[in-house]
Amino acid sequence: MTAAWRILFTALMLPIFSACATNPSRWVFDRELRLPGVSPISVAWEGDSIWVSDPGQGRILQLNGEGRILREYGSLGRPMHLSRSGPRIYFSDYLSDSIRFIQDGAVHAVPVAADLNAPAAVFADGGLLAIADFYHHRIVLQSGDSIRTLGRKGHGLGDLFYPTDVEISDSLLYVADAYNNRVQVFDLKGRALRILGAEAGIRVASGIGAGAGWILAADSENSRVICFEAEGTRMQVLSNGLHYPTDITVQGQRLLVANFQGESLSFYRLQ
Amino acid sequence: MIGFKVLKTGTAVCALALGVFAGEMDTAQDSSRQAAARDSGAPEQDTSRKYFRVRVNGLACPFCAYGLEKNLLELPGIMGLHIDLKGGFATFHVPSNRTPEAGKIKKIVEDAGFSLAGLDHSDKPFPADRKQ
């Protein structure tokens, strides 16, 4: 096979044999776990247990793999996206414009030296916090006493329009740029690097998951999750068992999706 | 200004803590004067209320819907706020002497990222209000 044919073959077969996480595997639907009365907007793994935020009921739940409630934390306002960092489960509260975390059975406040308006998500990475400041159309980065902001209201590269989720992976910051219908990638100095999903027909980018070389975006209005490789090539579209998904999280070979309208969680696994 | 905001947010959070909502987005606010009157057994001084139903386009998005809730809670005297994501509307009531202007409600809806599909008001509760 000549080099030219090899390149052409690779280009044609890549979408078929690649997945978000491990080439050449693909995500396959495993099961859907019904949670009647729970409208999960975000999920996080902790070993075999699952953390779920249920803003409609003002609570965060810790569940086992079968959906049994292990612990319930209530009266939390409107808890939105979750982020696990070591033993802490971080969350943002839309109503009180605050960031808090759960650790050892107690809820703790996180001082934030910025004026927030409806924080939709927080991502904690060691001492660094990234906050999706929904109505200010920006990301707030806090590290110790240092505060920086990324983005401004708009539709171009570097602009944001109602950001709903944020994650950091490999020194890159990924934003679910909800009503720009895309994912945007920044470096930690605040430079906008690229846009993912601009041609993917995303209607509302509600949540993201990011890892080494892959990005998952929840396209809630289309009831699907789109897998991209790092440069933005669309690798796989997941739709089985999804009902208005708003968040995704990956642990090893397992992928978990929060179905806000479906009152359920959907599990995928690598095959 | 910050203190004012925290006070109002605290009111909302307390209302949530009382478990006023069930399954969907319900929030209730009550003035301390009314609560005090009720506790003492004295009749509330102002029982006349104006009921509102705000119909908006695209309310299914929870990030926007909870944002609308947050912004509506800024209305003076608002009580019994209920947001129906599936129905695409919000209902609430206010004392008659604190009735907000339609333009103010429209601005709140637009600031929350929606367009206003319709605004109804009545002297009687709308269906979603009756459980309040």
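This text gives an overview of the structure that appears in the document. What you see is a predicted model; the values in this text were computed from it and never measured.

## Let's talk about the side chain of A:Asp93
Residues and elements named next belong to chain A.
Argument step 1. Structurally, Asp 93 is set in strand E7 (residues 88-93).
Argument step 2. At 2.8 Å, the side chain of Asp 93 forms a polar contact with the side chain of Arg 100.
Argument step 3. Beyond its immediate sequence surroundings of up to four residues, Asp 93 is in contact with Leu 76, Gly 77, Arg 78, Pro 79, Ser 98, Arg 100 and Pro 119.

## Some points on the side chain of A:Arg224
Residues and elements named next belong to chain A.
Argument step 1. Among the structural elements, Arg 224 can be located in strand E22 (residues 224-229).
Argument step 2. Looking at Arg 224, the relative accessible area reads 14%, which means it is buried.
Argument step 3. Of note is the side chain of Arg 224, whose polar atom sits 2.6 Å from the backbone oxygen of Ala 200.
Argument step 4. Side-chain polar atoms of Arg 224 contact the side chain of Asp 219, separated by 2.7 Å.
Argument step 5. In contact with Arg 224, not counting residues within four places along its chain, are Ala 200, Gly 201, Ile 202, Ala 217, Ala 218, Asp 219, Arg 234, Val 237, Leu 238, Ser 239, Leu 242 and Pro 245.

## Topic: the nonpolar core
Argument step 1. Judged by nonpolar contacts, the single largest core of 37 residues is most densely connected at A:Phe134, B:Leu68, B:Leu72 and B:Phe92.
Argument step 2. Among the secondary structure elements, those contributing two or more residues to this core are strand E2 (49-57), helix H3 (62-72), strand E3 (79-84), strand E4 (89-95) and helix H4 (102-111) of chain B.
Argument step 3. Looking at this core, the element that brings in the most residues is H3(B), giving six residues.
Argument step 4. Beyond its immediate sequence surroundings of up to four residues, B:Leu72 is in contact with B:Ile78, B:Leu81, B:Ala90, B:Phe92 and B:Ile108.
Argument step 5. Membership of the second largest hydrophobic core comes to 15 residues, among which are A:Leu172, A:Ala176, A:Val183 and A:Ile202.

## A look at the pairing of strand E12 (residues 138-143) of chain A
Residue and element names in this part refer to chain A.
Argument step 1. Burial analysis of E12 places five of its six residues in the buried class, the great majority of the element.
Argument step 2. As paired strands, strand E11 (residues 128-133) and E12 are joined by six bridges and run antiparallel to one another. Residue pairing for E12: Leu 129 is matched across the bridge by Gln 142.
Argument step 3. Turn length for the E11-E12 hairpin, with the two strands adjacent in sequence and antiparallel, is four residues, and the turn residue His 137 shows positive phi of about 55 degrees.
Argument step 4. Bridging between E12 and strand E13 (residues 146-150) involves five bridges; their strand directions are antiparallel. Counterpart to Val 140 in the pairing with E13 is Thr 149.
Argument step 5. Hairpin connection between E12 and E13: a loop of two residues separates the two successive antiparallel strands, and Gly 144 in this loop has a positive phi of roughly 60 degrees.

## Here's the deal with the environment of A:Asn240
Residues and elements named next belong to chain A.
Argument step 1. Note on placement: Asn 240 falls in the loop between strand E23 (234-238) and strand E24 (245-251).
Argument step 2. Sequence separation between Asn 240 and Val 225 is 15 residues, and the spatial gap between their C-alpha atoms is 9.6 Å.
Argument step 3. Residues in contact with Asn 240, not counting those within four places in the same chain, are Phe 29 and Tyr 268.

## Points about the sheet that holds strand E17 (residues 172-177) of chain A
One key point about sheets: their strands pair by backbone hydrogen bonds, in either a parallel or an antiparallel sense.
Residue and element names in this part refer to chain A.
Argument step 1. Ordered by their spatial adjacency, four strands build an open sheet running E16-E17-E18-E19, and the pairing between neighbours is antiparallel. Unpaired on one side and paired on the other, strand E16 (163-169) and strand E19 (192-196) mark the two borders of the sheet. Each strand of the sheet is rotated relative to its neighbour by a mean of 20 degrees, with strand direction disregarded.
Argument step 2. Examined bridge by bridge, E17 and strand E18 (residues 182-187) share six bridges and lie antiparallel to one another. The residue of E18 that forms the bridge with Ala 176 is Val 183.

About the criteria used
- Residues numbered from 1 in each chain as written.
- Chains lettered and ligands numbered in written order.
- Predicted model: local features only at pLDDT ≥ 70, side-chain atom pairs only at ≥ 80, totals over all residues.
- Heavy atoms only, no water.
- Helix = DSSP H or I, 4+ residues; strand = E, 2+ residues; numbered from the N terminus.
- Polar contact = N/O pair within 3.5 Å; in protein donor to acceptor, adjacent residues only side chain to side chain.
- Contact = heavy atoms within 4.5 Å.
- Buried < 20%, exposed > 50% of the residue type's maximum accessible area, 1.4 Å probe, protein only.
- Core = buried A, V, L, I, M, F, W, Y, C linked by side-chain atoms within 4.5 Å.
- Pairing = 2+ DSSP bridges.
- Axes fitted to C-alpha atoms, helices over the stretch in contact; angles between N-to-C directions.

By themselves, these observations are geometric and do not establish any function.
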